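Architecture at a glance
Residue strings, one per chain:
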Amino acid sequence: VQLQASGGGLVQAGGSLRLSCVASGRTVSSYAMGWFRQAPGKEREFVAAITGTFGITSYADSVKGRFTISRDNAKNTVYLQMNSLKPEDTAVYYCAADTRVPYRTSRILNEYTYWGQGTLVTVSS
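Since the structure is predicted, the reported quantities are computational estimates derived from the model, not experimental observations. Going along each chain's sequence as written, the residues are numbered from 1 onward. In keeping with the predicted nature of the model, local features appear solely for residues at pLDDT of at least 70, side-chain atom pairs appear and are counted solely at 80 or more, and the whole-chain, interface and lining totals rest on all residues. Hydrogens and water are ignored here; the side-chain numbers use all heavy atoms of the structure.

Considering the sheet that holds strand S8 (residues 77-82)
Strand pairing in a sheet is mediated by backbone hydrogen bonds. Such pairs are either parallel or antiparallel. Our working rule: A pair of strands is treated as paired once DSSP finds two or more bridges between them. Only DSSP runs of H or I reaching four residues or more are called helices, and only runs of E reaching two or more are called strands; each is numbered from the N terminus. Fitted lines through C-alpha atoms give the axes, limited to the stretch in contact for helices. The angle between two N-to-C directions lies from 0 to 180 degrees.
Ordered by their spatial adjacency, four strands build an open sheet running S1-S3-S8-S7, and the pairing between neighbours is antiparallel. Since the sheet does not close on itself, it has two edges, and those belong to strand S1 (2-6) and strand S7 (67-72), each with one partner. For this sheet, the mean angle separating the axes of adjacent strands, direction not counted, is 15 degrees.

In structure tokens, the structure reads:
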């Protein structure tokens, strides 16, 4: 499975961006999918995840109410809609696939099997 993340860019605080993660090589409809981010000098951290079954979502407290994760299985694509962006959201954002079970999300990096290359989001104040 190859994951290609896109949609990052420079945006002012309060603005919005939508990230996309397109999977190729096989369908990921049965996989839970997640978004993580890594700011300069910091460890990679969980942002959001969505199950393969029923589309149940999970969010980090720091983005809850501002970010929305969704998926379009027909397009083999996962999205992260980011609203009310803050300078502290500046980071490289990565999508990842968890191949273990489709009905549960994980916040643990090591439980994700496949990773995309990352897309940079910069939020100016």
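Description of the pairing of strand S4 (residues 32-38)
Stated formally: Burial status follows relative accessibility: with a 1.4 Å probe on protein chains alone, a residue under 20% of its type maximum counts as buried, one over 50% as exposed, and anything between as partly exposed.
Burial analysis of S4 places six of its seven residues in the buried class, the great majority of the element. Pairing analysis gives five bridges linking S4 to strand S5 (residues 45-50), with the strands arranged antiparallel. Its bridge partner being in S5, Gly34 is matched across the sheet by Ala49.

Quick notes on the environment of Tyr93
Rules: Contacts were defined at the residue level, with two residues in contact if any of their heavy atoms lie within 4.5 Å.
One can find Tyr93 in strand S9 (residues 91-98). For the pair Tyr93 and Val47, spaced 46 residues apart in sequence, the C-alpha to C-alpha distance is 8.9 Å. In this structure Tyr93 touches Ala5, Leu19, Trp35, Phe36, Arg37, Val47, Phe67, Leu80, Met82, Gly118, Thr119 and Val121, once residues within four positions along its chain are discounted.

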